[in-house]
Amino acid sequence: MSTLELLPAVDVRDGQAVRLVHGESGSETSYGAPLEAALAWQRAGAEWLHLVDLDAAFGTGDNRDLIRQVTASMADMNLKVELSGGIRDDASLAAALATGCTRVNLGTAALETPEWVAKVIAEYGDKIAVGLDVRGTTLRGRGWTRDGGDLYETLARLDSEGCSRYVVTDIAKDGTLQGPNLELLKNVCAATDKPVVASGGVSSLDDLRALSELVPLGVEGAIVGKALYAKAFTLEEALAAVKP
Ligand SMILES: O=C(O)c1ccccc1N[C@@H]1O[C@H](COP(=O)(O)O)[C@@H](O)[C@H]1O
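Rules used in this analysis
Residues numbered from 1 in each chain as written. Predicted model: local features only at pLDDT ≥ 70, side-chain atom pairs only at ≥ 80, totals over all residues. Heavy atoms only, no water. Axes fitted to C-alpha atoms, helices over the stretch in contact; angles between N-to-C directions. Helix = DSSP H or I, 4+ residues; strand = E, 2+ residues; numbered from the N terminus. Left-handed = near helix turned anticlockwise from the far one by under 90°. Contact = heavy atoms within 4.5 Å. Nonpolar A, V, L, I, M, F, W, Y, C, P; charged D, E, K, R; others polar. Near = heavy atom within 4 Å. Polar contact = N/O pair within 3.5 Å; in protein donor to acceptor, adjacent residues only side chain to side chain. Areas by Shrake-Rupley, 256 points an atom, 1.4 Å probe, with all protein chains shown as cover. Buried < 20%, exposed > 50% of the residue type's maximum accessible area, 1.4 Å probe, protein only. Arc of directions from axis to C-beta. Salt bridge = Lys/Arg side-chain N within 4 Å of Asp/Glu carboxyl O. UniProt positions renumbered as here; feature names shortened; annotations may be inferred. Parallel < 35°, antiparallel > 145°, perpendicular 65-115°, else oblique.

**Remarks on the packing of helix H4 (residues 90-98) against helix H6 (residues 114-124)**
Here H4 crosses H6 at 30°, and the two axes come no closer than 12 Å. The two elements H4 and H6 meet at a crossing, and its hand is right-handed. Contact residues: Asp 90, Leu 93 and Leu 97 in H4; Trp 116, Lys 119, Val 120 and Tyr 124 in H6. Looking at the contact of H4 with H6 residue by residue, the class counts come to five nonpolar, no polar and two charged.

See the structure below:
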């Protein structure tokens with residue numbers, strides 16, 4: 001069986017690594033310099049980093065220079081970066097890809113500019129993942145503040161356009177340490193043949209073991225945020241827990 005990939009998260013707001021609760025602006029807990037956080041995950045054995053420019057996602061500015069610096073440092077150490085937040089047009093996509101990230105994760109654009117997303121999927125293939133950020137089965141965009149349509153209709157559309165991968169976040173779970181939404185992940189895996197990266201709610205090594213059991217269904221990886229920052233377990237322990 002394949003090993004569940006683990007993607008420690010570094011979400012950047014106002015120059016700091018932060019964690020939010022339910023993705024709500026203003027709920028930040030700060031964890032210091034993003035580069036230090038990324039280096040800590042790299043030293044602990046991470047192969048991936050999920051790096052988010054939250055200001056760009058919320059439309060409150062951006063952390064582009066810092067994000068570029070973190071991505072370049074990680075790429076130098078052969079650590080793969082999935083880059084998210086505010087990638088919504090040709091210019092922001094070109095800037096994101098130029099950082100040396102392994103792939104980008106599009107959120108709002110998949111809901112608001114589907115023609116552009118179909119075009120870049122066709123052009124860039126598996127450099128593009130789509131983030132399906134949901135409350136129930138309703139997608140949310142613009143910093144998770146606006147409804148953006150039905151999860152399964154959008155998934156079918158993106159599948160038909162050749163989208164290579166989905167990052168599925170249950171907003172109700174994100175930042176809460178309440179455990180991942182395994183039912184949602186199973187339902188999404190049943191609706192697509194493409195790999196799924198799970199996001200939201202991981203709180204324990206048992207949660208990671210439960211996600212590992214979904215690997216045969218199509219769950220390829222899991223983003224881990226709050227649990228690592230809150231020291232519920234170490235990344236070394238997490239990597240050991242998901243080994244088949
Ligand atoms: O990760 C978060 O906590 C988060 C909270 C609120 C909004 C977005 C968040 N993260 C990620 O941002 C991108 C979406 O950005 P955009 O809509 O493309 O600008 C997506 O990966 C979200 O999961």
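Here the narrative resumes, following the displayed structure.
**A look at the site of the ligand**
The ligand sits among 18 residues. The nearest are Gly 86, Arg 88, Asn 105, Gly 107 and Thr 108. Within the side chain of Asn 105, a nitrogen or oxygen atom sits 2.8 Å from an oxygen atom of the ligand. Between the ligand and Asp 133, the relevant distance is 3.3 Å, taken from an oxygen atom to a side-chain nitrogen or oxygen of the residue. In isolation the ligand offers 510 Å² of accessible surface; the protein chains occlude 97% of this area. Per element, the largest residue contribution to the shell around the ligand is three residues, and it comes from helix H2 (residues 54-58). Residues that form the shell around the ligand fall into these classes: six nonpolar, eight polar and four charged.

**Digging into helix H9 (residues 205-212)**
Residues of H9 that are buried: Asp 207, Leu 208, Leu 211 and Ser 212. Viewed end-on, H9 has its buried residues packed into an arc of 145°, placing them on one side of the element. For H9, the secondary structure elements touched by its buried residues are strand E1 (5-13), helix H8 (182-191), strand E11 (196-199), strand E12 (219-224) and helix H11 (235-241).

**Description of the pattern of salt bridges**
Within this structure, the stated rule accounts for twelve salt bridges. Between Arg 13 and Asp 55 there is a salt bridge; the shortest N-O distance is 3.0 Å. Taken together, the residues Arg 13 in strand E1 and Asp 55 in helix H2 connect sequence positions 42 residues apart. Here Arg 13 falls in the buried class, since its relative accessible area comes to 10%. When salt bridges with common partners are traced through the structure, they connect Arg 13, Glu 28 and Asp 55 into a single cluster.

**Regarding the UniProt feature "active site" (unreviewed entry) in the protein chain**
UniProt records the feature "active site" (unreviewed entry) at Asp 11 and Asp 133, using the numbering of this structure. As for its position among the elements, Asp 11 is in strand E1. Not counting chain neighbours up to four residues away, the residues in contact with Asp 11 comprise Gln 16, Ala 17, Val 18, Arg 19, His 50, Val 52 and Leu 54. Ignoring anything within four residues of it in the chain, the contact list for Asp 133 reads Thr 138, Leu 139, Arg 140, Trp 144, Val 167, Thr 169 and Ile 171.

**Comments concerning the packing of helix H1 (residues 34-43) against helix H3 (residues 64-76)**
As a packed pair, H1 and H3 sit with axes 10 Å apart at the nearest point and diverge in direction by 20°. It follows from the interaxial angle that H1 and H3 lie roughly parallel. Crossing angle aside, the handedness with which H1 passes H3 is right-handed. Of H3, the residues touching H1 (which contributes Pro 34, Leu 35, Ala 38, Leu 39 and Gln 42) are Leu 66, Gln 69, Val 70, Ser 73 and Met 74. Across the contact of H1 with H3, the residue classes break down as seven nonpolar, three polar and no charged.

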